[in-house]
Amino acid sequence: MQFVNYKNYGKCAKLSKGGKTMLITVDVGPRVIFYGYDGGENIFYEDEKDLINKGGEFFEAHLKGKGIWHIYGGHRLWKCPEYIDTYYPDNAPVQVVEEDDSVTFVSDAEITTKLQKSVKITMDGDGNAVLEHKFVNMGKSATSPIALWALSVMDKGAKAYIPISVEDTGLLPNRNISLWSYTDIKDDRLDILNDAIVLRQKNIAQPLKVGTFACGPVSVEVKGMKFSIEINSPEGEYGDNNCNIESYTNDIMLEIETLSPLRSLAVGEEAVHIEKWSLTK
């Protein structure tokens, strides 16, 4: 690991292995703001012009001095269900802990959710990675049922493949699909196939979001590369009508979102959600 300055994101930790590079913001976030081949293009969207942000009365009343929330781009950790407190302004520096072959990025506990978030990253010899996302309840009471929500913001032109079940379940259903109110089922960016959901990013401003319980790794084709995310989905109740995978797109980017089961965290209790990343040409 070494520290570098990257564009307008300031200080970032640089991890390089197997011909691949990852940059993680340290002055804000954290965000995995860059992932790609050495000297190559970034698979992630970078919001250098601050096109996606959120402010308003809630922030002025409850989070004075913290600023507004910025997407920044890249990969982030959030809280589900999505309420206004999900948009906590993570604009402060993060703690960096290096140990053996992994690096952990730890943020301060959030004022609104009382959660301390961290992301532990381990790269293997091929430059693929394991990301261990963690919540710790730093509050004085148990949380309501919440889930860890890991979001990867892919750059323009991305095409996502979400595999769905082909199991013969007889008289019982074998697939579920969740649609948000702003989603047009006839949108040509969305294809619902017998074995997969396919979502394409195009220059169309109208947002589109779909979710499901995926039965295998999700993959995204972008800039001549294939980015795959594998998660372990334990038994339990999942949010948004039983979704462990969701995807959102507009005219700027495409998000691949993975979720853990909902659960309440006692004081001091932690929850973990792991993603395994691979990148090929």
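Residues numbered from 1 in each chain as written. Predicted model: local features only at pLDDT ≥ 70, side-chain atom pairs only at ≥ 80, totals over all residues. Heavy atoms only, no water.

1. Comments concerning unusual backbone geometry
A negative phi holds for most residues other than glycine; trans holds for most peptide bonds.
Next up, step 1: Omega for the bond connecting Gly29 with Pro30 falls within 30 degrees of zero, at 15°, which places this linkage in the cis form.
Next up, step 2: On the secondary structure map, Pro30 appears in the loop between β3 (20–25) and β4 (32–37).
Next up, step 3: Put simply, Cys80 and Pro81 share a cis peptide bond, and its omega is 5°.
Next up, step 4: Assignment of secondary structure puts Pro81 in the loop between β7 (74–80) and β8 (95–99).
Next up, step 5: Positioned with a positive phi, Tyr72 is a non-glycine residue whose angle comes to about 60°.
Next up, step 6: By the secondary structure assignment, Tyr72 is in the loop between β6 (69–70) and β7. (Helix = DSSP H or I, 4+ residues; strand = E, 2+ residues; numbered from the N terminus.)

2. A few points about the sheet that holds strand β11 (residues 129–137)
Next up, step 1: Sheet architecture is open: ten strands sit in the order β8-β9-β10-β11-β22-β19-β18-β13-β16-β15, paired in antiparallel fashion. The open sheet terminates on both sides in strands that have one partner only, identified here as β8 and β15 (190–192). Sheet twist, expressed as the mean angle between neighbouring strand axes with direction ignored, is 15°. (Pairing = 2+ DSSP bridges. Axes fitted to C-alpha atoms, helices over the stretch in contact; angles between N-to-C directions.)

3. Here we look at the pattern of salt bridges
Next up, step 1: Evaluated as defined, the whole model comprises 15 salt bridges.
Next up, step 2: A salt bridge links Arg76 to Glu255, with the shortest nitrogen-to-oxygen separation between them at 3.3 Å. Of this pair, Arg76 sits in strand β7 while Glu255 sits in strand β21 (residues 254–259), and the two are 179 residues apart along the sequence. The same class applies to Arg76 and to Glu255, which are both buried.
Next up, step 3: Counted as one network, the salt bridges with shared partners bring together Lys7, Glu46 and Glu48. (Salt bridge = Lys/Arg side-chain N within 4 Å of Asp/Glu carboxyl O. Buried < 20%, exposed > 50% of the residue type's maximum accessible area, 1.4 Å probe, protein only.)

4. Digging into the pairing of strand β2 (residues 11–17)
The two faces of a sheet get side chains in turn, since along a regular strand they alternate between them.
Next up, step 1: Relative to β2, strand β1 (residues 2–5) is paired through four bridges, and the arrangement is antiparallel. In the sheet register, Asn5 faces β2, and the bridge partner there is Lys11.
Next up, step 2: Remark: five residues form the turn of the hairpin made by β1 and β2, two consecutive strands paired antiparallel; Lys7 in that turn has positive phi of roughly 50°.
Next up, step 3: The pairing of β2 with β3 spans six bridges and is antiparallel. The residue bridging Cys12 from the neighbouring strand is Thr25, located in β3.

5. Describing the nonpolar core
Next up, step 1: By size, the foremost hydrophobic cluster in this structure holds 47 residues, and its most contacted members are Met22, Tyr35, Ile43, Ile121, Met154, Phe227 and Trp277.
Next up, step 2: Of the residues forming this core, the biggest block, four residues, is contributed by strand β10 (residues 115–123).
Next up, step 3: Grouped together as the second largest cluster of nonpolar side chains are 19 residues, Leu63, Ile71, Leu259 and Leu262 included. (Core = buried A, V, L, I, M, F, W, Y, C linked by side-chain atoms within 4.5 Å.)

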